[in-house]
Amino acid sequence: MRLPYKVFMTSALVIFALVAVATWSLLAISRLVDVNRGIATQSLPALRLGTSLREQLGGLTRTAMDAGPTGAQAAQRAWNDRAARMAKEFDLLRSFLSTDEERWQYQEATVAFATYRRLAAMGPGLDAERRLAVDRTEAHLDRMLGATYGALEETQSEARQLERHTWNTVFGALFASLAAALATAAFLAVHLTRSLSRLSIATAQLADGAFTEPLPVTSRDEIGELARSFNRMAERLREVDHLKEEFFSHISHELRTPLTSVKEATHLLLDRVQGPLTSKQGRLVDIIAASSDRILRLVNQVLELSRLRARLLPLERRPVDMEKIIVRSLEELRPQIEEKGLAVGRATSGTDFALQGDEDQLLRILVNLVGNAVKFTPHGGAVTVGLTDLGPDVEIAVEDTGIGIPAPDLPRIFDPYKQAHRGRGGSGLGLAIVKGLVEAHGGSVQVESAAGRGSRFVVRLPRDRAPSAADAPPEDQR
């Protein structure tokens, strides 16, 4: 199945689950709202009116006593008004009753109240009959209120059960649907991330020159096509890299022998072995000697980088004091430092800077880094070499106030033949060799820089067990 269809099916499942849960929730909420509306619009008003009528009935009987044969005319009018209001409330109460029992008791209470009003209007002498009518009205109102309370409790119980059932159903459906959706999404995510993780690891291995086996292709979607394309690309890159290495190695070997002969011949001429030279001949021989030395250094660098990349550079490990190595590198570069008038400082943190390593190669690392700092720092600038005891590691930091490295060039600064500042000489192999030598000692090198603000190269080397040169593939430069 193609990747878009997999993503669509997963998304559709999630959406369907959420829509189903939302629909059920809306229906359940609608039912719950209806139940609560019934409580608010029927049961509660019925209780309020029934209770009010029950209380008003007592007040009406007291008003009737004041409005008796010896009562004032105003009391009689008050009784008539109150009785009329109660009759209206009786009529209003009928619309809020919901059960047969409520309606039956209401009907009986209404009849008893009408009887009471009729007897009250007939004058004195019927006190017992009026009292009986009032008692019947009160009794039926009480029974009606009891039925209303019962209906209210029943409705509230139904509402609670509905609410509980709704929450249980919603949570259950939501959990089940999300679990199914998550399981499907997890299956797709695991499939994608596993494939992309393999591809990412293979890409890193390819960049480090350690990619040897093709990626397994287990699907026919876009990820599978990407893996197949990557395998084809990796194969082509291996072929190109092999051809390049063979070419440089062959050319370097072929150049080294004649260059060595030219260099020896120029030395013989400069030593006047074949007789004296004129001043013009001497200048030409000096040019030949300098040029052959420069080309021979480049050839040696190419051959050394080839050995580093093939993990064939031997290291003579023995105890080395890195503080002494730093002093030697600064002494070796002192003429260039003084020529540019640079301020050179050393900073140390800790007391133990010893480690197991190849002294000559470690010196070369420092000379290359400090030489680069001197080369790219203008007159009057500063170069600082720091040394830090980190316990199992020793850290060397070379910092300058030079022209810095543009941000786009930082990721490739350690690649062979790459230079951030062209036109300033150099072969583009210095930092590549630095990185190769550092990794051959089991360490790491990093750079921090910004254009116009200088650079800071940090080398971290382990004290004891470091992998042999065969354990570290290089690449690198400025």
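Further up the page is the structure itself.
Since this is a predicted model, take the numbers as computed values, not measurements. (Residues numbered from 1 in each chain as written. Predicted model: local features only at pLDDT ≥ 70, side-chain atom pairs only at ≥ 80, totals over all residues. Heavy atoms only, no water.)

*Asks:* Hey, could you go over the overall build of the chain for me, with residue numbers and the actual values?
*Replies:* Helices and strands together make up the secondary structure of the chain, namely 10 helices and 7 strands. In the chain, buried positions account for 37% of the 478 residues. Once local pairs closer than 6 in sequence are excluded, the contacts in the chain between residues at least 24 apart make up 74%. Counting every atom, the chain has about 26900 Å² of accessible surface; 58% of that belongs to carbon and sulfur. (Helix = DSSP H or I, 4+ residues; strand = E, 2+ residues; numbered from the N terminus. Buried < 20%, exposed > 50% of the residue type's maximum accessible area, 1.4 Å probe, protein only. Contact = heavy atoms within 4.5 Å. Areas by Shrake-Rupley, 256 points an atom, 1.4 Å probe, with all protein chains shown as cover.)

*Asks:* Now, about the packing of helix 9 (residues 359–375) against helix 10 (residues 430–440): what can you tell me, with residues and values included?
*Replies:* Where helix 9 meets helix 10, the axes come as close as 10 Å, and the angle between the chain directions of the two elements is 145°. In the packing of helix 9 onto helix 10, the handedness of the crossing is left-handed. Residues Gln 361, Arg 364, Ile 365, Asn 368, Leu 369 and Asn 372 of helix 9 pack against Gly 430, Leu 431, Ile 433, Val 434, Leu 437 and Val 438 of helix 10. (Axes fitted to C-alpha atoms, helices over the stretch in contact; angles between N-to-C directions. Left-handed = near helix turned anticlockwise from the far one by under 90°.)

*Asks:* Run through the pairing of strand 3 (residues 354–357), naming residues and quoting values.
*Replies:* Along strand 3, the buried face is formed by Leu 355 and Gly 357; none of Ala 354 and Gln 356, which line the opposite face, is buried. In this structure, strand 1 (residues 318–321) lies alongside strand 3, joined through 4 bridges in antiparallel fashion. From the neighbouring strand, Asp 321 faces strand 3, where its bridge partner is Ala 354. (Pairing = 2+ DSSP bridges.)

*Asks:* Tell me about helix 9, and please be specific about residues and values.
*Replies:* When the terminal C-alpha atoms of helix 9 are compared, their 24 Å separation across 17 residues agrees well with the 24 Å that a helix rising 1.5 Å per residue should span. A side-chain oxygen of the first residue of helix 9 lies 3.1 Å from the backbone nitrogen of Asp 360; this N-cap is Asp 358. (Expected span 1.5 Å × (residues − 1). Polar contact = N/O pair within 3.5 Å; in protein donor to acceptor, adjacent residues only side chain to side chain.)

*Asks:* Tell me what's going on with the packing of helix 7 (residues 322–332) against helix 9, and back it up with residues and numbers.
*Replies:* Running from N to C, helix 7 and helix 9 point in directions that differ by 50°, and their axes come no closer than 9 Å. Overall, the two elements helix 7 and helix 9 adopt an arrangement that is oblique. The hand of the helix 7/helix 9 crossing is right-handed. Residues Met 322, Ile 325, Ile 326, Arg 328, Ser 329, Leu 330 and Glu 332 of helix 7 touch helix 9, and the partners they reach there are Glu 359, Leu 362, Leu 363, Leu 366, Val 367 and Val 370. Considered class by class, the residues forming the contact of helix 7 with helix 9 number 9 nonpolar, 1 polar and 3 charged. (Parallel < 35°, antiparallel > 145°, perpendicular 65-115°, else oblique. Nonpolar A, V, L, I, M, F, W, Y, C, P; charged D, E, K, R; others polar.)

*Asks:* So what about the sheet that holds strand 5 (residues 393–400)? Which residues, and what values?
*Replies:* In spatial order, the strands read 2-4-5-7-6; together these 5 strands make up an open sheet with mixed pairing. Each of the sheet's edge strands pairs with one partner strand only, and the pair in question is strand 2 (343–349) and strand 6 (444–449). Neighbouring strand axes in the sheet, compared pairwise and without regard to direction, differ in orientation by 15° on average. Pairing of strand 2 with strand 4 (residues 382–389), which is carried by 7 bridges, proceeds in the parallel orientation. Each bridged residue has a counterpart across the sheet, and for Arg 346 the counterpart in strand 4 is Val 385. Here helix 9 sits on the sheet and contacts strand 4, strand 5 and strand 7 (455–462); the angle it forms with strand 5, its principal contact strand, is near 25°.

*Asks:* Account for the pattern of salt bridges, with residues named and values stated.
*Replies:* Under the definition given, this model contains 16 salt bridges. Here Asp 100 and Arg 103 are joined by a salt bridge, their closest N and O atoms 3.4 Å apart. Of this pair, Asp 100 and Arg 103 both sit in helix 3 (residues 100–121), 3 residues apart, roughly one helical turn. For Asp 352, the salt bridge identified is with Arg 463, shortest N-O distance 3.7 Å. Taken as a pair, Asp 352 in the loop between strand 2 and strand 3 and Arg 463 in the segment after strand 7 lie far apart in primary sequence, 111 residues in all. Owing to a relative accessible area of 39%, Asp 352 belongs among the partly exposed residues under this scheme. Among the residues examined, Arg 463 registers a relative accessible area of 9% and is labelled buried. Where salt bridges share partners, they join Glu 316, Arg 318, Arg 328 and Glu 359 into one cluster. (Salt bridge = Lys/Arg side-chain N within 4 Å of Asp/Glu carboxyl O.)

*Asks:* Tell me what's going on with empty space enclosed by the protein, and back it up with residues and numbers.
*Replies:* Per the counting criterion, the structure on display carries 2 cavities of 30 Å³ or more. Of the volumes computed, that of the largest cavity is approximately 100 Å³. Considering the residues around the largest cavity, the lining is formed by 13 residues, among which Ser 195, Arg 198, Pro 216, Ile 223 and Ala 227 are closest to the centre. A per-class count over the lining of the largest cavity returns 8 nonpolar, 4 polar and 1 charged. Put simply, the second largest cavity is a space of about 30 Å³. Taken together, Met 322, Leu 362, Ile 365, Leu 366, Leu 369, Ile 396, Val 459 and Leu 461 make up the lining of the second largest cavity. Counting only elements with at least two residues in the lining of the second largest cavity, the list comes to helix 9 and strand 7. No other element matches the 4 residues that helix 9 contributes to the lining of the second largest cavity. Each residue belonging to the lining of the second largest cavity can be placed in one class, and the counts come to 8 nonpolar, no polar and no charged. (1 Å grid on protein atoms, 1.4 Å probe; cavity = no way out; pocket = protein on both sides within 12 Å on 5 of 7 lines; lining within 4 Å. Points joined across faces, edges and corners; volume = space filled by probe spheres on them.)

*Asks:* Just give me the short version of the nonpolar core, but keep the residues and values in it.
*Replies:* The biggest cluster of nonpolar side chains holds 39 residues, and the ones touching the most others in it are Met 322, Ile 365, Leu 366, Leu 369, Val 370, Val 385 and Ile 396. Elements with a contribution of two residues or more to this core: helix 7, helix 9, strand 4, strand 5, helix 10, strand 6 and strand 7. With 9 residues, the top contributor of residues to this core is helix 9. Once residues lying within four places of it in the same chain are set aside, the contact partners of Val 385 are Ile 326, Leu 330, Gly 345, Arg 346, Ala 347, Leu 366, Val 370, Ile 396, Ala 397 and Val 398. Counting 31 residues, the second-largest nonpolar core is a separate cluster that includes Leu 32, Ala 83, Ala 109 and Leu 162. (Core = buried A, V, L, I, M, F, W, Y, C linked by side-chain atoms within 4.5 Å.)

*Asks:* Give me the side chain of Thr 137: which residues, what numbers.
*Replies:* As for its placement among the helices and strands, Thr 137 is situated in helix 4 (residues 127–208). Engagement of the side chain of Thr 137 in a polar contact is seen with the backbone nitrogen of Phe 113, the distance being 3.2 Å. Residues within four places of Thr 137 in sequence aside, it is in contact with Leu 57, Phe 90, Ala 109, Ala 112 and Phe 113.

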